[in-house]
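# Analysis of the macromolecular model
Here's the letter readout for the chains.
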Amino acid sequence: MTRPLRRIVLVGLGPHARRIYYPMLERASERYDIELSLVVELSDQRRVVEDYLAGRSLQPKAVVYLPDGNRDGAGLHPDFLDAVESAGAPNLWGLLIACEPRARKMYTEWALERGLHTLLDKPVTAFDLRAASPESALGLVDDFYDLRDAARRSGANCLVQTQRRAHLGYQTVRDYLRDFLHTFGVPITYVDVYHADGMWNMPEEFFGRENHPYKYGYGKIMHSGYHLIDTVTWLTSLNDELPPTAPDRLEICTRRQRPYDFLSQVGRRHYETFFGAGDSVAPYFSPESMAELREFGETDVFMLGQFRRGDAVMTTVSLNLLQTSFSRRSWFQLPADTYRGNGRVRHERLTVQVGHLLNVQLHTYQSTHIASEARNRPPLPGDFDHIDVHFYRNSALVGGAPFERFDVTDDIARKGNRDRDYLGQFESAREELLTDFLAEDDRRAALAGHELPIKIVASAYYAMRSASRGRPVTPEIDLAAGRSGWLLNDPLREESGRGR
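In what follows, the accompanying structure is described. (Residues numbered from 1 in each chain as written. Predicted model: local features only at pLDDT ≥ 70, side-chain atom pairs only at ≥ 80, totals over all residues. Heavy atoms only, no water.)

Bringing the sheet that holds strand β3 (residues 63-66) into the picture now. An order of β3-β2-β1-β4-β5-β6 is seen for the six strands of this open sheet, with the pairing classed as parallel. Because the sheet does not close on itself, it has two edges, and the strands there are β3 and β6 (158-161). Along the sheet, successive strands turn relative to each other by an average axial angle of 20°, direction set aside. (Pairing = 2+ DSSP bridges. Helix = DSSP H or I, 4+ residues; strand = E, 2+ residues; numbered from the N terminus. Axes fitted to C-alpha atoms, helices over the stretch in contact; angles between N-to-C directions.)

Structure representation (structure tokens):
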């Protein structure tokens with residue numbers, strides 16, 4: 001049987017792509033004829049890329065190294081255009097885009113305009129927010145429509161790697177909720193999400209890091225928080241299937257903690273106590289450095305929103321997204337693996353209420369960042385792969401058991417502990433979406449389904465940047481609006497009479 005040919009350009013071979021995408025593409029070669037036509041990276045990553053590619057079973061036809069300044073997304077570099085032409089641009093099938101978020105739009109737009117399928121990491125786009133006006137953050141929504149419209153014109157698929165949409169635990173919750181809502185006609189009335197990933201940055205790292213940076217005015221939301229914002233909108237979209245209670249607008253309040261705040265909590269003396277590094281961190285606690293940190297992106301963000309229909313609240317949502325949380329990092333210098341080898345551990349909780357009838361909870365709590373440290377079967381709280389899904393029912397009214405625990409661990413798409421390639425339940429979900437991409441199936445992760453989460457992200461940054469300038473605002477989103485008029489309390493619309 002002939003395997004479908006997939007000629008792919010991989011844009012970005014950083015820690016995430018080396019850990020996730022490249023091994024997955026190698027495994028996908030069992031079902032697809034994978035040709036890695038081109039790898040695109042920055043010049044300062046040449047040695048890392050060459051060392052990584054040595055001995056890999058999948059070898060790119062070509063690698064192009066672009067000037068380091070190309071990470072800012074100012075425009076496609078001539079060297080990229082030349083390299084992709086040499087790689088046989090007319091015969092390419094798709095792009096896998098895992099580069100710096102500030103450069104994603106230009107590559108995605110280029111691909112979609114040529115009818116090439118794309119899979120891109122979250123966030124879809126980003127840009128430097130520090131010096132810009134608060135209103136400039138709303139341009140993230142324009143980026144979304146530019147890319148969505150480009151995909152519609154060409155007919156190419158554009159998928160976003162938001163893996164909870166393909167995670168069996170979350171899919172189980174959503175499928176159950178859909179059936180329950182349709183049976184009883186009561187909407188989801190409350191959603192609470194707590195996500196903590198234990199990202200402990202040493203003071204210098206706030207200023208220096210390019211992978212998951214803060215120095216460009218964005219942070220936790222763009223790092224991992226987008227996944228949870230997307231999850232909340234994915235779940236609450238079920239309410240749209242109940243016409244009598246479908247909401248028409250969303251009001252959302254945002255508060256944040258910055259690196260400035262964190263270093264005011266954990267000061268120089270603590271770095272001396274724990275790491276013996278008081279002198280080396282001293283420059284980052286100077287008045288000048290602390291003033292600069294005020295404009296950096298968020299380490300933690302807290303959002304409280306209400307979906308309304310008319311003047312009635314339909315659903316209240318709470319998101320508590322933290323990096324200032326339990327960590328296993330106990331070393332000062334960054335290790336080679338900054339993605340998962342730096343002490344990050346995940347604590348995640350989802351709670352959904354359907355009035356007085358149903359409560360659904362999902363819990364996943366780690367105490368280790370290393371998969372091999374914990375192998376209880378089934379995984380227990382604290383184990384690397386722990387997950388529990390709980391259902392609490394008003395059984396006298398809706399039937400079923402008052403309590404049920406659903407174990408999804410052994411059913412999550414994986415080969416089991418003997419599979420040396422297994423990296424965890426969320427990584428398996430990522431592979432599901434990569435498989436969707438290769439199969440030209442966009443039902444679970446199409447960019448078009450990210451309109452509301454991107455509007456929430458834009459609204460959050462607009463609110464945070466406004467607050468830092470002494471102009472607190474609580475954005476209100478018109479859920480029926482498109483590119484224009486979606487922000488109901490848009491100051492530019494109020495001043496000029498035009499819609500956002």
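A separate point is the packing of aromatic side chains. Across all of its chains, the model carries 18 aromatic pairs by this definition. Ring centres of F206 and F262 lie 6.3 Å apart, and the angle between their planes is 65°; this geometry places the pair in the edge-to-face category. In this pair, F206 sits in helix α7 (residues 203-208) while F262 sits in helix α9 (residues 259-265), placing the two residues 56 residues apart along the sequence. The class of F206 is buried, set by a relative accessible area of 2%. (Phe/Tyr/Trp six-rings, centres within 6.5 Å; stacked < 30°, edge-to-face > 60°. Buried < 20%, exposed > 50% of the residue type's maximum accessible area, 1.4 Å probe, protein only.)

Before going further, it helps to spend a moment on the pairing of β3. Taken residue by residue, a regular strand's side chains alternate between the two faces of the sheet. When strand β2 (residues 33-42) meets β3, the two strands line up parallel, connected through four bridges. Across the sheet, residue E41 finds its bridge partner in β3, namely Y65. In this fold, β2 hands off to helix α2 (residues 46-53), which returns the chain to β3; that crossover is right-handed. (Right-handed = clockwise from strand over helix to strand, strands pointing away.)

Another point: the packing of helix α4 (residues 101-113) against helix α5 (residues 139-154). For the pair α4 and α5, interaxial distance at closest approach is 9 Å and the crossing angle is 20°. It follows that α4 is roughly parallel to α5 by the angle criterion. Here α4 runs over α5; the crossing is left-handed. Residue-level inspection shows K105, T108, E109 and L112 of α4 in contact with α5, the latter providing D143, D146, L147, A150, A151 and S154. Partitioned by chemical class, the residues of the contact of α4 with α5 number four nonpolar, two polar and four charged. (Parallel < 35°, antiparallel > 145°, perpendicular 65-115°, else oblique. Left-handed = near helix turned anticlockwise from the far one by under 90°. Contact = heavy atoms within 4.5 Å. Nonpolar A, V, L, I, M, F, W, Y, C, P; charged D, E, K, R; others polar.)

We now examine the sheet that holds strand β9 (residues 300-309). Overall, mixed pairing links the nine strands, which are arranged β14-β13-β12-β11-β7-β10-β9-β8-β15 in an open sheet. On the outer flanks of this sheet lie β14 (403-406) and β15 (476-478), each paired with one strand and no other. Averaged over all adjacent pairs, the angle separating strand axes in this sheet is 15°, with direction ignored. Most of the contacts of helix α6 (residues 168-184) go to strand β12 (residues 358-365), to which it runs at about 175°, and overall it touches β11 (347-354), β12, β13 (388-393) and β14.

Glancing now at the packing of helix α1 (residues 15-28) against helix α14 (residues 425-438). Remark: α1 packs on α14, axes separated minimally by 10 Å, with the N-to-C direction vectors making an angle of 55°. With respect to each other, α1 and α14 are oriented oblique. Judged by the sense of rotation from one axis to the other, the crossing of α1 with α14 is right-handed. In this structure, α1 uses H16, R19, I20, M24, L25, R27 and A28 to contact α14, whose residues at the interface are E427, R430, E431, L434 and L438. When grouped by side-chain class, the residues that make up the contact of α1 with α14 number six nonpolar, one polar and five charged.

In this section: α14. Compared with the 20 Å implied by 1.5 Å per residue over 14 residues, the 20 Å span of α14 between its first and last C-alpha is a close match. A large share of α14 lies buried, amounting to 11 of its 14 residues. Every buried residue of α14 is accounted for by Q425, F426, E427, S428, A429, R430, L433, L434, D436, F437 and L438. After α14 finishes, the residue E440 shows a positive phi value of roughly 60°. (Expected span 1.5 Å × (residues − 1).)

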